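Chains, contacts and geometry: an overview
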Amino acid sequence: MRGPRPTPRPSRFRARGATIAAFVALAPLLPAAAVAVGTLKVDAALPYVCTLPSGQQPATVRITAAFPERAAVGEEIRPTDVTTTVEFPAGAVADLTALKAATVRAETRLTVGVTQNDRRAEATWRGSAQPVGVPADGPLALTTTGDVPTLTTDAAGDLRLTAGGLAVDLAPNTTDGVPTTPASLSVACVPGQDAEGRTLLATVPVGAGTGTGGPSTPPVTPTAPPSSAPSSAPPPSSGFPLPSSPTDRTFPARPGTASGAGRDPKGPQVGQPADGGPAATDEDAPGTPAARPAAPPCVTEKPTPTSLSAYITGYSNVRKLNGATLIPVSCMLIEQGQMEIPTTPPPEGEFHFTNLSPGQLSYQGRKQTPPFTSTFLTFDFQPVTATMVLEQTGPITIDTLVRIIFATGDNYLENTVRAPLVLRVLDVEVNGVPLNVGPSCRTATSLFSSDPQPAKYPGKHLVMVGKGKIPLGLPAEGYVLTSGGPLTGEVTIPVFTGCGAGGENLDRLLTASISGPGNYLKQIQGQTCSAGLETPPPDQCTEDLQPLLVPKPER
């Protein structure tokens, strides 16, 4: 594969073939300001294999972008015009039509490995899209755009970018505009066999004097590209992935680089998205050097070797108000359960086991989230601002089924989180005027969902589902308890009780405005901290043994 060439007329240039494939992953990591050194337009396609409920399906992932051809040491590398298109075949579309989906909204997360000399990092290229129609048959193309992290390096040397796993979250709706059942599908995609040797997407020279706008030297393609396994992958095992420290998230310093004689360089560092938003500091960006965002304390008292702590956040729709509320960054304390063998024999060629892990919210000694405030327009014009908390009323459980495929060595994980949570309203303002709801305003019962095993798990509780995969030799995809990821579900908000003061009963008002089914929920869990290990991983835990990584909410 040959490297990119300078493009004097980027508006007319459209590269073809293997040269384009070399440009794809680098585009979103380069600065718009570098147009002076030459701009390259990219339009490339890679074969992927995606795991849907019906099984594995081939897909084509197309990436377009524009980026400068090179960078200087210390220069912020920023992308422009980045899009990701996933083209699903007719067989994959059948999974959506089976749900009677008329439209579908997509969000994507592409993992890109970044290497320079002996140092590595990872970036996550996120994208989202407006809903598109689901065809009755035939292929379906979903194009997303969104935040793409910048990249800087304080060392000279070739910067190489490698395509990794792609997560696609689908939110299908029926012809009536309501979510299907289930309300979401999480699709994990990896480069297909035909992509072998093509996952090295770009090699960018970085060094003194490279930002002058002069002619560039074509990037050198290594004779043996890095393994298609991005560097942050913990080695898969035959069991549930226990808390572990990836071996390649910290690297030996190498003095004497162009960034300053004798100073130890850090190498490539992932920074802010191209739109200037918050730095990528969540579980999808291991190695990110950005400062840790503000988060409530999350300390495990008397930790055991199986103790985990993690931050969670997300969004929940409020269907009646045609809006969404942000679930604040909250502390979750988890005790990883023991492996159990199911009584039902697995299919031939597979080994199954389950793992039930209890958890609890923790905020100032109480089992709840921090207070959070949301503003909605009631009747489409009246602004109402409410301050609320979610209070845990029973044990939270994470039920994991692990399927190990002997033929490939891959692990597939199906995670179901059950959480009994009451929504308590603390304060309300209507058009800026306080409305006294009293000290006991809350939902009459826990928020609840339809449980796939109601006999085994009776009672009202919300249910969230996350699917994950640990391919042999590749990083984890989707949701894994130890490394985090997305969990989705659909929740019913019960009627309210205890609302009002001074003899005024506001229960019916809040119930009519908020309560009801069909509220889509998406929670993001960050990388866990294994606080009970003899040597807690420094890339997972702070010095005082709290989770290092704070996730960002996703819609």
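The model shown is predicted, which means the values in this text are computed figures rather than measured ones.

1. A word on the nonpolar core
If you look at the biggest cluster of nonpolar residues, it comprises 42 residues, and the most contacted ones within it are Tyr48, Phe88, Leu96, Leu166, Val168, Leu170 and Val187. The element that contributes the greatest number of residues to this core is strand E9 (residues 157-173), accounting for six residues. Ignoring anything within four residues of it in the chain, the contact list for Leu166 reads Tyr48, Val61, Val86, Thr108, Arg109, Leu110, Val187, Ala188 and Cys189. Formed by 38 residues, the second largest nonpolar core is a distinct cluster that contains Val318, Leu321, Ala419 and Ile514.

2. Structural notes on the packing of aromatic side chains
Under the definition given, this model contains one aromatic pair. A ring pair is formed by Phe351 and Phe353, whose centres lie 6.1 Å apart and whose planes are at 45°; its orientation type is tilted. Between the NZ or CZ atom of Arg418 and the centre of the ring of Tyr457, over which it lies, the distance is 3.7 Å. For the cation-ring pair, Lys460 lies above Phe448, with the distance from its terminal atom to the ring centre recorded as 4.6 Å.

3. Considering unusual backbone geometry
Of note, Lys100 is a non-glycine position whose phi angle comes to about 60°, a positive value. Assignment of secondary structure puts Lys100 in the loop between helix H2 (90-97) and strand E4 (103-116). Despite not being glycine, Lys302 has its phi angle at roughly 50°, a positive value. In this fold, Lys302 is placed in the loop between strand E12 (268-273) and strand E13 (307-318).

4. Considerations on the pattern of salt bridges
Summed over the entire model, instances satisfying the criterion amount to 13 salt bridges. Of the charged contacts in the structure, one is a salt bridge between Glu391 and Arg424, with a shortest N-O distance of 2.8 Å. Taken as a pair, Glu391 in strand E18 (residues 382-392) and Arg424 in strand E21 (residues 421-430) lie far apart in primary sequence, 33 residues in all. For the pair formed by Glu391 and Arg424, the shared burial category is buried. Linked by salt bridges that have partners in common, Arg105, Glu107, Arg109, Arg126, Asp169, Lys522 and Glu554 make up one network.

5. Considering the pairing of E18
Burial analysis of E18 places eight of its eleven residues in the buried class, which makes it a mostly covered element. Pairing geometry for E18 and E21, over nine bridges, is antiparallel. Bridging from a neighbouring strand, Val389 pairs with Arg424 of E21.

6. A word on the side chain of Glu477
By secondary structure assignment, the location of Glu477 is in strand E25 (residues 477-478). One buried charged side chain, Glu477, makes no salt bridge at all; its nearest oppositely charged neighbour is Lys469, positioned 5.0 Å away. The contact partners of Glu477, leaving out residues within four places of it in the chain, are Gly165, Ala188, Cys189, Val190, Lys467, Gly468, Lys469 and Pro471.

Analysis parameters
- Residues numbered from 1 in each chain as written.
- Predicted model: local features only at pLDDT ≥ 70, side-chain atom pairs only at ≥ 80, totals over all residues.
- Heavy atoms only, no water.
- Core = buried A, V, L, I, M, F, W, Y, C linked by side-chain atoms within 4.5 Å.
- Buried < 20%, exposed > 50% of the residue type's maximum accessible area, 1.4 Å probe, protein only.
- Helix = DSSP H or I, 4+ residues; strand = E, 2+ residues; numbered from the N terminus.
- Contact = heavy atoms within 4.5 Å.
- Phe/Tyr/Trp six-rings, centres within 6.5 Å; stacked < 30°, edge-to-face > 60°.
- Lys NZ or Arg CZ within 6 Å of the ring centre and 35° of its normal.
- Salt bridge = Lys/Arg side-chain N within 4 Å of Asp/Glu carboxyl O.
- Pairing = 2+ DSSP bridges.
- Lys, Arg positive; Asp, Glu negative; His and termini not counted.

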